[in-house]
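Breakdown of the fold
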Amino acid sequence: MQARGRKGQLLMAFETNFGETPAMPTAIKLPFETSGIKASQTLNEDNTIRNNRNPAQPSRGYIDVSGQTVVPVDTIAFGYWLKALFGDPETTGEGPYTHVFKPNDTQPSVVIERGFTDIGKYLLYNGCKVSSVSIDVGGEGGQNANIDVMGANETPGDASFAATPTSLSLLRFDRFQAAVTIGDALAAKITAGQINLNAALDGNQYLIGGQGLRGDIPEGIFQASGSITALFEDLTLLDLAVNGTESAVTFTWTNGANSLEIKFPEVVFERNSPGIDGPQGIVIEMPFRGYYDDAVEEAAVQVTLTNEHVSYA
């Protein structure tokens with residue numbers, strides 16, 4: 001029987017040691033729309049001359065575990081992806097709970113499993129780290145996020161590594177629930193936005209004698225950037241870029257008592273003058289880059305998730 005995508009399953013558990021499945025894993029079943037995490041290994045052509053025109057046997061290259069998963073930005077499960085990107089949050093409250101994520105000095109590694117449950121086959125990926133998270137803001141429908149993952153190894157199997165994973169209730173944020181604040185003022189004329197969070201992972205740590213696998217995936221300087229697109233009515237946004245004025249950009253989603261806030265406390269906008277591409281209305285797209293200098297948040301980006309989930313420990 002051919003496997004059906006609708007029967008797919010995505011599990012995650014945090015590793016204690018890089019590349020090792022925990023002995024007693026606490027696995028979470030995560031909602032997703034697509035999952036492209038996979039292992040690939042190139043075959044390198046052998047150019048040895050052997051007095052004939054037939055090619056010699058190719059050699060195998062490094063194993064690259066990577067891929068993108070598209071997930072709903074929801075009130076609970078998305079917090080586990082945030083933990084995989086940032087590390088443990090600071091949690092306060094007694095219900096609803098407030099979880100504050102910032103870039104930590106180290107980034108956790110996770111084990112991820114893609115399950116083809118209708119045919120009883122599973123692909124286990126060890127030593128995985130979230131390399132980037134991107135979110136396109138605006139439009140209609142459910143809000144999604146693109147999660148790029150880099151890992152160390154893939155192991156096919158006939159059984160799941162976690163027999164009883166924890167299932168989470170799904171309550172997603174919709175795109176129309178989003179709001180954008182620039183500085184201290186709510187921006188009412190924004191048509192679109194983009195958020196890019198990048199861990200700057202180093203995927204070149206292949207070891208001699210390591211069977212083509214990554215021995216580690218160290219994180220670099222965290223990169224926080226994005227853009228906003230607005231109706232072009234005046235020079236307010238462009239002047240911020242022209243003058244190099246420091247500002248702040250905050251994206252917020254609210255669903256009842258649940259909320260998600262992605263705040264860039266200190267940003268500068270990239271100069272990007274609008275064009276005239278036709279007779280219709282003109283918009284201005286302003287890329288920005290976040291950094292940390294003296295913001296009270298002490299981070300280039302701070303993500304605050306408020307929900308009824310007690311802990312992401």
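Just so it is clear, the structure is predicted and the values come from calculations on it, not from any experiment.

Our focus in this paragraph is the pairing of strand β15 (residues 190-198). In summary, the side chains of a regular strand alternate between the two faces of the sheet. Pairing analysis gives six bridges linking strand β9 (residues 121-137) to β15, with the strands arranged antiparallel. Bridged to S134 within β15 is N196. Alignment of β15 against strand β16 (residues 223-231), held across eight bridges, turns out to be antiparallel. Among the inter-strand pairings, G193 is bridged to a residue of β16, identified as I228.

Okay, the pattern of salt bridges next. With the rule as written, the count across this model stands at seven salt bridges. Ionic pairing is found between K129 and E219, a salt bridge with its closest N-O pair at 2.8 Å. Of this pair, K129 sits in strand β9 while E219 sits in the loop between β15 and β16; the two residues are 90 residues apart in sequence, bridging distant segments of the chain. Here K129 falls in the buried class, since its relative accessible area comes to 7%. According to the relative accessible area criterion, E219 is partly exposed, its value standing at 27%. A salt bridge links E233 to K189; the shortest N-O distance between them is 3.1 Å. In this pair, E233 is assigned in the loop between β16 and α2 (236-242) and K189 in the loop between β14 (185-186) and β15, connecting sequence segments 44 residues apart.

The next thing to look at is the side chain of N258. Topologically, N258 is positioned in strand β18 (residues 258-269). Once residues lying within four places of it in the same chain are set aside, the contact partners of N258 are T75, L171, F173, W253, T306, N307 and E308.

Here we take up the packing of aromatic side chains. Two aromatic rings, taken as a pair, are described by how far apart their centres are and by the angle between their planes. Evaluation of the coordinates by the stated rule reveals eight aromatic pairs. Judged by centre distance (3.9 Å) and plane angle (5°), the ring pair of Y62 and Y206 falls under stacked. Of this pair, Y62 sits in strand β5 (residues 59-72) while Y206 sits in the loop between β15 and β16, placing them 144 residues apart in sequence. Among the aromatic residues, those joined into a ring-pair cluster are Y80, F86, F101, F222 and Y312. Between the NZ or CZ atom of K83 and the centre of the ring of F14, over which it lies, the distance is 4.3 Å.

Across the junction of G95 and P96, the peptide omega takes the value 5°, indicating a cis bond. For P96, the location among the structural elements is in the loop between β6 (90-93) and β7 (97-101). At A200, a residue that is not glycine, the phi angle is positive and equals roughly 55°. Non-glycine residue E298 carries a positive phi angle of around 55°. Here E298 lies in the loop between β19 (283-290) and β20 (302-307).

The next subject is the environment of R50. Along the chain, R50 turns up in the loop between β4 (38-44) and β5. With 45 residues separating them in the primary sequence, R50 and G5 have C-alpha atoms 47 Å apart. Those residues in contact with R50 that lie beyond four places of it in its chain are P55 and A56. There is a polar contact of 3.4 Å between the side chain of R50 and the backbone oxygen of N54.

Calculation notes
- Residues numbered from 1 in each chain as written.
- Predicted model: local features only at pLDDT ≥ 70, side-chain atom pairs only at ≥ 80, totals over all residues.
- Heavy atoms only, no water.
- Pairing = 2+ DSSP bridges.
- Helix = DSSP H or I, 4+ residues; strand = E, 2+ residues; numbered from the N terminus.
- Salt bridge = Lys/Arg side-chain N within 4 Å of Asp/Glu carboxyl O.
- Buried < 20%, exposed > 50% of the residue type's maximum accessible area, 1.4 Å probe, protein only.
- Contact = heavy atoms within 4.5 Å.
- Phe/Tyr/Trp six-rings, centres within 6.5 Å; stacked < 30°, edge-to-face > 60°.
- Lys NZ or Arg CZ within 6 Å of the ring centre and 35° of its normal.
- Polar contact = N/O pair within 3.5 Å; in protein donor to acceptor, adjacent residues only side chain to side chain.

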